[in-house]
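The lines below spell out each chain.
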Amino acid sequence: MASPLQVDSARLWQTLNEFATLGATAGGGVTRLALSDEDRHGRDLLATWAREAGFRCEVDRLGNMFIRRAGSNPDLAPVLTGSHGDSQPLGGNYDGIYGVLAGLEALRTLNDRGITTERDLILVNWTNEEGARFAPAMLASGVWAGVFSEAYALAREDRDGISVGQALAAIGYQGEHPAAAIPLHACYELHIEQGPLLEAEERDIGVVHAAMGQRWYEINLTGFAAHAGTTPMDLRRDALCAFAELTLAVEAIGRRFAPDGRATVGSVQVTPNSRNVVPSAVFCTVEFRHPETAALVAMEAALAEALDGLSARRIDVAWERIFDYAPVDFDKGCIARIEQATRELGYSQRRMVSGAGHDACYVNRVAPTAMIFIPCEKGISHNEAENITPQWAERGANVLLNTLLAAANER
């Protein structure tokens, strides 16, 4: 057997470091929110690198970038890889963008070796994976996979009332092609684990066979503003106290469904937010995650029960589930190619479930898909301290390269 291909590790690491200057923060991370100026600079740089390598780049109406390396048989369904370039506020340098740039490195390596694949290879940079600026997360890949409509996605607004459509036009990345799935032979997304298991077990590669389902909620609690000094305790309708009770209930729900359950109150806004006024209203978000649909249903029922219990505090409650996707089982054939490439490279591996949501979860609805994880230090992600080593980056890219090559040469 021929030896597995190896990427140019130094070039990959240089590419990652150069991209990390776009939206760089004082704490060593990045803030590169979807469709911001920083995101535009990243897109421009990626497009420049693609053109320099001789690849064609197309952009759809949601700003998804598709960089194509032609194969010898355009009639065959292509193989897709990639991830996203947007970040969380004060986020890390590798979440998402590592998968994009490692995919670029894989395509560059094929150029260096003069290798022509049977099938086209497509590198994708998805728009608004994080959901930090525009909710929900994985918005554009969701449109591409038929989960959301283009109209729904383009109308989503950030906190300043700017819509996705307006933001795309402002940075010049609203393309003409429809955001709609095409036939694919296979899809692979390479990503940092965002958890501690691979590093703790000293494993090189995580072969992701499944991903947790998620449900997101927006909740409004309404009480009554009153003077903090003159209003007796038994006459108060304190929305913040109700929120505190709700937060503890959400934590208890997560613990009840351990070890796989996750329950988080991630955002809160208090009105009027004054030190000498009894709070009249609270807006908050809640999210649940679990690899089993039945558990997510039960967690939602427990949330409803907790919210009903706030009536004893004379608090009005309005809540809505704004995001829901089922647990994902990835394609067995795609998984087998990853495991084969990892074995041939001599790397250690383990199968695992992703606790985070990824664009691949939506792509899996319309095409055979799987994910590859590499370790990240202490499992830290969505944080400026997020970090990987050059060796981890290289090994993940090598697995991706050889997996893509195997899939792209299947007739």
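No experiment lies behind these values; they were computed from the predicted model shown.

What counts and how
Residues numbered from 1 in each chain as written. Predicted model: local features only at pLDDT ≥ 70, side-chain atom pairs only at ≥ 80, totals over all residues. Heavy atoms only, no water. UniProt positions renumbered as here; feature names shortened; annotations may be inferred. Helix = DSSP H or I, 4+ residues; strand = E, 2+ residues; numbered from the N terminus. Contact = heavy atoms within 4.5 Å. Pairing = 2+ DSSP bridges. Axes fitted to C-alpha atoms, helices over the stretch in contact; angles between N-to-C directions.

**Q** Honestly, the UniProt feature "binding site: Zn(2+) 2" (unreviewed entry) in the protein in this entry has me stumped. Any pointers?
**A** Under the present numbering, the feature "binding site: Zn(2+) 2" (unreviewed entry) in UniProt falls on Asp95, Glu130 and His382. A maximum C-alpha distance of 9.7 Å is found for the annotated residues, which run over 288 residues; spatially they form one tight group. Mapping aspartate 95 onto the fold places it in the loop between strand S3 (79-84) and helix H3 (97-113). When neighbours within four sequence positions are excluded, aspartate 95 is seen to be in contact with His84, Asp86, Glu130, His191, Ile192, Gln194, Ser381, His382 and Glu386. With respect to the helices and strands, glutamate 130 occurs in the loop between strand S4 (121-126) and helix H4 (139-144). Excluding its chain neighbours within four sequence positions, the residues that come into contact with glutamate 130 are His84, Asp86, Ser87, Gln88, Asp95, Ala137 and His382.

**Q** Just checking my understanding: could you explain unusual backbone geometry for this structure?
**A** Most peptide bonds take the trans configuration, and most residues that are not glycine carry a negative phi. A cis amide bond links alanine 135 to the next residue, proline 136, at an omega of 5°. By the element assignment, proline 136 lies in the loop between S4 and H4. Of the consecutive residues alanine 258 and proline 259, the connecting peptide bond is found in the cis state with omega at 5°. In this fold, proline 259 is placed in the loop between helix H8 (239-256) and strand S9 (262-271). Positive phi, close to 50°, is recorded for methionine 138, a residue that is not glycine. Relative to the elements of secondary structure, methionine 138 occurs in the loop between S4 and H4. One non-glycine residue with positive phi stands out, namely histidine 382, at about 55°.

**Q** Please clarify how the sheet that holds S9 should be interpreted in this entry.
**A** Strand pairs in the sheet, formed through backbone hydrogen bonds, run parallel or antiparallel to each other. Spatially, four strands are ordered S9-S11-S7-S12 in an open sheet, and the strand pairing comes out antiparallel. The strands lining the two open edges of the sheet, one partner per strand, are S9 and strand S12 (316-325). Ignoring which end each strand starts from, the neighbouring axes of this sheet average 15° apart. Of the strand pairs in this sheet, S9 and strand S11 (residues 281-290) are connected by nine bridges, and their pairing is antiparallel. Looking across to S11, one finds that valine 265 is bridged to valine 286. Together, strand S7 (213-222), S9 and S11 form the strand contacts of H8, whose direction differs from that of S11 by roughly 5°.

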